[in-house]
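Descriptive analysis of the structure
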Amino acid sequence: MITVTQVAGGLLGGNLSHAADCNVYLVQIGQSALLIDAGSGLDSSLLESNIIRTGVQPTLIEAVLLTHAHFDHSGGAAWFAGLGVPIIAPAVSAEAIETADEEFIGLPRARRLGLYPDHVRWKGSPVAMQVRDESCWRISDVRLSVLQTPGHSCDGVTYILETQDSVLAFTGDTVFANGRVLISTEADCSPSLLEGSLRKLAGLSLGSLYPGHGASVPQDAADHVKATLPFLDQTLLPPNLL
Ligand SMILES: [Zn+2]
């Protein structure tokens, strides 16, 4: 039995928490609880109360799984690490997350552009485990595997949870509902890498899609991912989420 509850989301995620937060999902598999992404960390107490409202104590979360290092996804990791929750992160960005390498995630530029207030700083967080393509493990009867899905960022990964009944994908900022994507002028954005990642995801029989922003897709998620293919087949990018 697997239950997914969105416990954070900013302007694009239902205003459940701080405006700068990505969507954060609490995944309960039997007695185990995982968190997908950590939010910005700009108001972790609000995220904490949203988690407690589900009946889960944040200190008992088994791990926080980061989809990529961008500030709105990983800024809160230090707060969870402070509670003793292990942080799992892409191998590509694990060192940057540990050393709070703000250049790696483009935070200085984002501050200059006014996307984040001047006082915002990235706090480093220890990474307990690095994941790469096809890392996988089991939790009860659920298989959890990792696909590297770069393009939106150089370090993007998708976490795939397979149950007897369905396949759930936590895609971070790789693909969103209705086949939207998020390509920007950030130096680590790569349309050609994104194409490879989208084609990889389109080859899976996805049931549910839980993206880093916007609405989730509880069923028939494969149709949403495959909506990117007509654009890619014309060497075009699918429409941006923003
Ligand atoms: Zn991102």
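The text that follows walks through the structure, step by step, so that each part is easy to find. (Residues numbered from 1 in each chain as written. Predicted model: local features only at pLDDT ≥ 70, side-chain atom pairs only at ≥ 80, totals over all residues.)

Let us now look at the environment of Ile-139. Positionally, Ile-139 belongs in strand S7 (residues 136-139). The exposure class of Ile-139 is partly exposed, given the 17 C-beta atoms found within 10 Å. As a C-alpha pair, Ile-139 and Ile-29 span 110 residues in sequence and 7.2 Å in three-dimensional space. Among all residues touching Ile-139, those that are not within four sequence positions of it are Ile-29, Ser-32 and Leu-144. (Helix = DSSP H or I, 4+ residues; strand = E, 2+ residues; numbered from the N terminus. Buried ≥ 20, exposed ≤ 12 C-beta atoms within 10 Å, placed from the backbone. Contact = placed C-beta atoms within 7 Å.)

With 12 residues, helix H6 (residues 191-202) extends 16 Å between its outermost C-alpha atoms, agreeing within 8% with the 16 Å of an ideal straight helix rising 1.5 Å per residue. Of all the positions in H6, only Leu-194, Glu-195, Ser-197, Leu-198 and Leu-201 are classed as buried. (Expected span 1.5 Å × (residues − 1).)

Let us now look at the pairing of strand S3 (residues 32-36). Looking along a regular strand, one sees the side chains alternate between the two faces of the sheet. Most of S3 sits inside the fold, with four of its five residues counted as buried. Taken together, the five bridges between strand S2 (residues 24-29) and S3 define a ladder with antiparallel strand orientation. The partner of Leu-26 across the bridge, within S3, is Leu-35. Taking the residues that link successive antiparallel strands as the turn, the S2-S3 hairpin has two residues, and the phi of Gly-30 there is positive, at about 60°. In terms of strand pairing, S3 meets strand S4 (residues 63-65) through three bridges, oriented parallel. Bridge pairing in S4 places Ile-36 opposite Leu-65. This β-α-β element, S3 to helix H1 (residues 44-53) to S4, shows right-handed connectivity. (Pairing = 2+ DSSP bridges. Right-handed = clockwise from strand over helix to strand, strands pointing away.)

The six strands are arranged S1-S2-S3-S4-S5-S6 in an open sheet whose pairing can be described as mixed. Each edge of the sheet is formed by a strand with only one pairing partner; in this case those strands are strand S1 (2-8) and strand S6 (129-131). Across the sheet, the mean angle from the axis of one strand to that of its neighbour is 25°, orientation sign disregarded. Contacts from H1 reach S1 and S2, with the element oriented near 150° to S1. (Axes fitted to C-alpha atoms, helices over the stretch in contact; angles between N-to-C directions.)

A sheet is described by the order of its strands in space; here five strands give the open sequence S7-S8-S9-S10-S11, paired in mixed fashion. Where the open sheet ends on each side, the last strands, each with one partner, are S7 and strand S11 (208-211). With strand direction ignored, the average angle separating the axes of adjacent strands in the sheet is 20°. Taken together, the four bridges between strand S10 (residues 167-172) and S11 define a ladder with parallel strand orientation. Pairing of Leu-168 across the sheet is with Ser-208, part of S11.

Attention shifts here to the nonpolar core. What tends to happen in soluble globular proteins is that the nonpolar side chains get buried as a cluster. In this structure, Val-24, Ile-36, Val-64, Leu-66 and Ile-87 are the most contacted members of the largest nonpolar core, which totals 62 residues. Excluding anything up to four places from it in sequence, Leu-66 contacts Asp-37, Ala-38, His-73, Ser-74, Ala-77, Ile-87, Ile-88, Ala-89 and Pro-90. (Core = buried A, V, L, I, M, F, W, Y, C linked by C-beta atoms within 7 Å.)

So, about unusual backbone geometry. Even without being a glycine, Asn-178 presents a positive backbone phi close to 65°. Along the chain, the position of Asn-178 falls in the loop between S10 and H6. With a phi angle near 60°, Thr-235 is a residue other than glycine that sits in the positive phi range. Within the fold, Thr-235 resides in the segment after helix H8 (229-232). Among the residues examined, Thr-235 registers 9 C-beta atoms within 10 Å and is labelled exposed.

Time to look at the environment of Phe-104. Here Phe-104 is to be found in the loop between helix H4 (94-99) and helix H5 (107-112). For the pair formed by Phe-104 and Pro-211, sequence separation is 107 residues and the distance between their alpha carbons is 22 Å. The contact partners of Phe-104, leaving out residues within four places of it in the chain, are Ala-69, Ser-93 and Ala-96.

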